Each structure stands twice: as structure tokens, then as C-alpha cells.
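# Coordinate analysis (summary)
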Number of protein chains: 2
Amino acid sequence: MSLLVVGSVAFDGIETPFGSVERTIGGSGTFISLSSSYFTDDVKLVSVVGGDFPADKIAMMHGHGINTEGLQIKQDEKSFYWKGKYHMDLNSRDTLVTELNVLADFDPIIPDSYQGVDYLILGNLTPKIQQTVIERLHKRPKFILMDTMNFWMEIAMDDLKVTLKMVDALSINDEEARQLSGEYSLVKAAKKIMAMGPRYLIIKKGEHGALLFSEDQIFFAPALPLEEVFDPTGAGDTFAGGFIGYLAKTGNISFENMKCALIYASVMASFCVSKFGTEALESLAEEAVTKRVQEFVDLAQFEISM
Amino acid sequence: MSLLVVGSVAFDGIETPFGSVERTIGGSGTFISLSSSYFTDDVKLVSVVGGDFPADKIAMMHGHGINTEGLQIKQDEKSFYWKGKYHMDLNSRDTLVTELNVLADFDPIIPDSYQGVDYLILGNLTPKIQQTVIERLHKRPKFILMDTMNFWMEIAMDDLKVTLKMVDALSINDEEARQLSGEYSLVKAAKKIMAMGPRYLIIKKGEHGALLFSEDQIFFAPALPLEEVFDPTGAGDTFAGGFIGYLAKTGNISFENMKCALIYASVMASFCVSKFGTEALESLAEEAVTKRVQEFVDLAQFEISM
């Protein structure tokens, strides 16, 4: 089934204890599109870049079957640029540079050919832009997943609350869930957040896995214990892309199927962090994905007699 | 099958953000014995207390089928006392008081009736005492699990290394695994630690679950997401007690069976943290355990088609 991805397409500068890159492609729209492209051939991207964005990287997206008709290219402007530095444990980072550039006045134009999409994922952007996207779709998609971050809770909470009422599911990390709800316990936090709108909540805990909540069920997907983590940039977006990609592939939004989607989400994130930026996602073999799913089965499955 | 438990039996003073108790019973031997008693009727305890230890609490242990013939009571001395204060997130704590008392010159005497035990768990004690216990058993148990802590890595590393070569499995938390191995990655840490002796390693991550490593397999058991955690004291010992108790009950030390043991370990720990001290473990209904196992199945099990 078709999937509309809205998010940033940008340049990232990344410093980790294991090395650094000054300018690699990144952005929520990029990671989500690439990750979901391993599940469905009908990924439609809405985003904006400047004239400085490399044509070969757009061609690489086409190679993954990503439709970029909705990717605006503003020739005389510059692409969004973010630079961050990770601490030794890779669990925390400092933002060194944020240059909005083309993103400052981004108007998410939906091409006519994109109308009628079945699934929608709203990557991290202003809540107002996220709302605009939903309003511009003539038919509400079957399932809408949104991502957001603490920054919008601090400067655009009212808008965020409106957007939350318009979506089916929210994906955030544990600290953001605590900030949004004012609750330390993630179980309590989940209840409060679901009362704000979304029927499903994904709480990402990085190397500690992820939780999926519905009104009366909880599922946990572990993260794969890895010998080396090189760069966590984009892991959360890759996770969300794997989740929504699997739902779009299967066309099934039951909680049972969402469990599998969460496992595939963890699988994709485990590849993402193993190399810098989008490197791992650009050339992943299908067999590698299948092999890693089996590793998750071995890691988490047990047969208990009671 | 029979299980020998060696560990401290003591008084704990506990301060958490949700309340405090000045003097409740605790100690690794207490938590391990109580937890494992839900799985096997043949738990034999070796420990030492002072004359101040309440007779009704020893009777409570008997009520759980725990054999206390090896519990020395030094009438004119005082029991070990530890007092700690937990931080707001309950993940870290400060030790406020440590009074060794009877533990200062503890000689772990093994009653004749204890000889021939099938399983042995060495709770957190000096590595030297842990060695002595193994040396005093005429027949090596089928399976030996030991616990330890950072304190012994700092002041008795040489002894600890000797003990590590004598056991089948080690149970420690993530920070201790990093300290013992000098590796940040838990996968790398596990390899280094298993090279020091134990064929199996359990790394406890508190609210983030636990990992079980063998030479070529990894299994992950999640922690149950809880609305309220009152007191983490003893959770790690309760976890270890559930693990070894299940092994002793089933008499099966295959990796597949250890996976189930790790789930039961998480089940028992989830009860432990829901009340102060040993309160939850003192009166747990069998049906409550079975019901909670089902919650873990719902939380972690998925059926994926590849």
C-alpha cells in the first residue's frame, strides 16, 4: 500500500567518539523514506532542499523506489544543516549548529498524484506543518503516525496538542514522553499521552529497546545488543520508517501485526547505527534483513510451560 | 532438586522518594531464599545473624520451606545493617550506613545435611568466602551461580578472579560488567568476562531488563513496565533467586531452559520492587506468579512471518 513520508531532507555534521563527518545526507524524511523503502515500493516523499543538495543522492532515493515528485528543490537556497556531537556513551548529544535555511519557510505542497495515500508518517517538523499536511489530504489516510521532539513541547505546545488529536500514533523517546506527560513512570506517561489523542504510542528507549502501547496492551521490542555502535543519528527515524513501512506492506493495523512492525523497526535501527549517517540504509541486502529478524527471534523468543 | 543459598541475612534501612523504613529484613541470602522458595521446596540457607534478628522472621522463612540449619545465630552480636537512599529515578542510590557486625568474621559453615546439593548460588559476599563455600562442598554442585558487586572489583580483584574460575555463571549489573571488563559495549564486556571463567553471564539492567550470554547465544528478558516502583532493594537478588530456583525446579541447564529461568527471574523481580523490602516476597500467591508470567508472554512474544 502507498505511504506518504513528510520530513526534512538535509545535511548532517556528526561527531562521535569513533570519528566524524562534516557533511553527509540526513534528515527525518531521508531516514524514514530509505527505511520504509525496504518494505513497500510505493513511498512518496514531501520535503524541501536547496540547490546544494547532491543530485546523485536524489538518484539514490529513486533507486530505492522513492517518489520525489513532492521534494521541492529551491535552487538559490541552501539545505537544512544540523551538526551534533555525541558523548562517549552515544546516549546523549549536544547540538553544535542548526541552520534552518530552506526549512525556515517550508510549505509542504502535496502533488495531486500523492492524493489518496493509505499511510502517512509525519517526521519531526513543526506541529503546524504536520497539521497542514493532514489538512491538505483530500481523504484521511488509514493510519497516521507522527514523530516529534522536546523542542516543540517547549515552543509550540498548543500546536502540538492540536496535531496530537489528528493522528493515530505518536513515536517519541522516553525523555520526551516524560516531558510531554509530566510523569516519570512510562506506563503512567503513556496513559496521559494517549488521552491527548493518539490511540497508539511508541516510546523509543535507544539501546534499551522500544515499547508499544494501546489502551489495554503493551508490547516490548528489544534493541539488538551490538559490539559496535558508530552513529545513532537517524536511528529513531529509521525505526519509525521500518514500523510504518511494515504496516504499509502488510496493510494490517491490528495490535498483533504492530508487534511485528516494532520488531522490523528495531531490525532497521540496528543497521542504521552500525555505520555513519545513511550509509548502512543505502545498500542493505534483503537477506541481511531476514537474517537479522531471525537474530531478534533468537534474542527474544522463549517457550514457557506454566 | 536441592539448592544451597549463601548470602547475607540482615537489616536494611531504606529511603526512597515514596517513603522510608528504618529497619526491615533484607540481605542477599534473604531475598534469594524467598524468591527461589517459590520454585523448589529444598532450599538450604547458609548465613549468619546476631541475637537481634527477629525469631518470627526466621519462622517466616521456615514457612517458605527454607532450611535454616546453616543460619548461624550469634546471640551476643548484631546483624549486618545497611542503609541507603535512592534518588528520584530509583536507578541510583547512595549508601548511608554499612555496619558489618556479624558479617565481619563470617565463617560459612556447611552442615553435613547440606552436602550433596545439586545447585549453588553465592550471593554477594567477599570472593574469599564464596571460594570457601565451594571448597567445603564434598561434591561439586551441578551448577554454580555467583553474584558480586563493584566494591569487590575495587578491593579484592585477585580473589574475585579466582572465584570466577570456579563457577558456571555470574550475575552482575551493566555498570559492574563494564567495570569488570573495561568495555563499554555489553557484548564485548560479556566476551571478556566469560573468558575469565563463567560459561554463562547474566547482565541485569534494572528497569531495562536483563541479558543472558553464552559463548554463542544471547537472550534478552524485558522488565515489566510498572506504574509504580516503590523500592528496588533486593531486586537483583530476587532476580537471581528466581533464575536459580527455576533451574533447580526443572533440573535442566540447557540454554533454552535458562531463557525461561530468566523470564521467571524478571517475574519475581517485578513483584519485589512493588513493595518495601521483602514484603511482596513474603506472601505471594502462586496464581499471581502464573498470571504475571502470562503478562511477560504478552509483552514479549510475537509471531513473525518472514
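Residues numbered from 1 in each chain as written. Chains lettered and ligands numbered in written order. Predicted model: local features only at pLDDT ≥ 70, side-chain atom pairs only at ≥ 80, totals over all residues.

Right, let's get into the sheet that holds strand β2 (residues 10–16) of chain A. All names here are of chain A. The four strands lie next to each other as β3-β2-β6-β7, forming an open sheet whose pairing is mixed. Here the strands that pair on one side only, and so sit at the sheet edges, are β3 (19–26) and β7 (93–99). Taken pair by pair, the neighbouring strands of this sheet meet at an average axis angle of 15°, ignoring direction. Across six bridges, strand β6 (residues 81–86) lies against β7 in antiparallel orientation. Looking across to β7, one finds that Lys83 is bridged to Val97. (Pairing = 2+ DSSP bridges. Helix = DSSP H or I, 4+ residues; strand = E, 2+ residues; numbered from the N terminus. Axes fitted to C-alpha atoms, helices over the stretch in contact; angles between N-to-C directions.)

For the pair chain B and chain A, the relating rotation is 180°, the translation along its axis is 0.0 Å, and the fit reaches an RMSD of 0.0 Å. When the rotation and shift are considered jointly, the pair of chain copies conforms to a two-fold rotation axis. Interface overlap between copies: 97% of the residues of chain B at the interface are likewise at the interface in chain A, consistent with a symmetric, same-surface contact. (Least-squares fit on C-alpha atoms with pLDDT ≥ 70 in both. Contact = placed C-beta atoms within 7 Å.)

A separate point is the pairing of strand β7 (residues 93–99) of chain B. With zero of seven residues buried, β7 of chain B is to be regarded as a mostly surface element. Between the antiparallel neighbours strand β6 (residues 81–86) of chain B and β7 of chain B lie six residues, among them Leu90 of chain B with a positive phi of about 65°. (Buried ≥ 20, exposed ≤ 12 C-beta atoms within 10 Å, placed from the backbone.)

So, about the pairing of strand β11 (residues 200–204) of chain B. Residues and elements named next belong to chain B. Counting buried positions along β11 gives five out of five residues, so the element sits mostly inside the fold. Residues of β11 alternate between two faces, with Tyr200, Ile202 and Lys204 on one and Leu201 and Ile203 on the opposite face, all of them buried. As paired elements, strand β10 (residues 169–173) and β11 share five bridges and run parallel to each other. Bridging across to β11, Ser171 finds its partner in Ile202. Taken together, the four bridges between β11 and strand β12 (residues 210–213) define a ladder with antiparallel strand orientation. Directly across from Lys204, in β12, lies its bridge partner Ala210. Linkage of β11 to β12, two consecutive antiparallel strands, is achieved through a turn of five residues, within which Gly206 is found at a positive phi near 60°.

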